[in-house]
Every structure is written in C-alpha cells, then in structure tokens.
Amino acid sequence: WMALKKNNSKIVHSEYATDVFSFGLCILEAGLKKPVSSIYTESGNYKQELDRLIGEFSKKYGDNPMLVTTLTKMLTLEESGRPDFKAIIKAIPPY
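Everything numeric in this text was worked out from a predicted model, so none of it was measured. (Residues numbered from 1 in each chain as written. Predicted model: local features only at pLDDT ≥ 70, side-chain atom pairs only at ≥ 80, totals over all residues. Heavy atoms only, no water.)

(A) Just the packing of aromatic side chains, in detail. Per the stated rule, a full pass over the model turns up 2 aromatic pairs. For the pair Phe-23 and Phe-85, a centre-to-centre distance of 6.1 Å together with 55° between the ring planes defines the contact as tilted. You can see Phe-23 sitting in helix H2 (residues 15–32) and its partner Phe-85 sitting in helix H5 (residues 85–91), a full 62 residues away along the chain. You can call Phe-23 partly exposed: its relative accessible area is 40%. Exposure remark for Phe-85: the relative accessible area of 33% places this residue in the partly exposed category. Taking the centre distance of 4.7 Å and the plane angle of 40° together, the rings of Phe-57 and Tyr-61 count as tilted. Of this pair, Phe-57 and Tyr-61 both sit in helix H3 (residues 46–61), 4 residues apart, roughly one helical turn. Residue class for Phe-57 comes out buried when judged on its relative accessible area of 2%. Since its relative accessible area comes to 23%, Tyr-61 is described here as partly exposed. (Phe/Tyr/Trp six-rings, centres within 6.5 Å; stacked < 30°, edge-to-face > 60°. Helix = DSSP H or I, 4+ residues; strand = E, 2+ residues; numbered from the N terminus. Buried < 20%, exposed > 50% of the residue type's maximum accessible area, 1.4 Å probe, protein only.)

(B) Region of the structure containing the packing of H2 against H3. Contact geometry of H2 with H3 gives a least axis separation of 10 Å together with a crossing angle of 55°. The pairing of H2 with H3 is recorded here as oblique in orientation. Helix-helix and strand crossings are classified by hand; for H2 and H3 the assignment is left-handed. Residues Phe-21, Leu-25, Ile-27, Leu-28, Gly-31 and Leu-32 of H2 pack against Leu-50, Leu-53, Ile-54, Glu-56, Phe-57, Lys-60 and Tyr-61 of H3. Across the contact of H2 with H3, the residue classes tally to 10 nonpolar, 1 polar and 2 charged. (Axes fitted to C-alpha atoms, helices over the stretch in contact; angles between N-to-C directions. Parallel < 35°, antiparallel > 145°, perpendicular 65-115°, else oblique. Left-handed = near helix turned anticlockwise from the far one by under 90°. Contact = heavy atoms within 4.5 Å. Nonpolar A, V, L, I, M, F, W, Y, C, P; charged D, E, K, R; others polar.)

(C) Up close: unusual backbone geometry. Phi is positive for Lys-33, close to 60°, though the residue is something other than glycine. Mapping Lys-33 onto the fold places it in the loop between H2 and H3. The class for Lys-33 is exposed, based on a relative accessible area of 71%.

Shown next as structure tokens:
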C-alpha cells in the first residue's frame, strides 16, 4: 500500500519464494511440535524470534545438517536468497 501511495509501481515479489518460506514455517512448526506464530509479534522483532526458533530446531535436529541448512535457507527473510523447490529437492539425498 505504501509503495503504491509513494508512486512506486515496480514492486518485485516472487510468489514462489513466499511459498518456500511458508513451507519452511510448516516444517519448523512440525519439527518443533509447537506453534511458530510467535514470530508475528507486535514489537516487530520477527527476525530475532525466527532465529531463536531456528536455533531450537538446529539443537533438536543437529545430527541432520542437510535438513537444518535447507530449512535455514528456506526461512531467509530476503526472497532473493531463498532456494526454489527444484533446488530443495536436489538438496535431499535419495533414499
């Protein structure tokens, strides 16, 4: 809204990157077995809270560095830094 109000009509947004982030939140919540809605605080410290939750996940699943690294990349706040689903699938070793 503010970008439009300031006459900035060149908003760049990737729906795929948003889907990757959302899926990452689902994995985080399932892995921690608790809600991760605490990242949406009124104080706006979502980055700090997200980092804390990723730290908890890392402690719990540290024996699987591929999982932790992939999840961390999926939850990168900058859309351009997130992998796409093809890259995520390539990162998963075949069983």
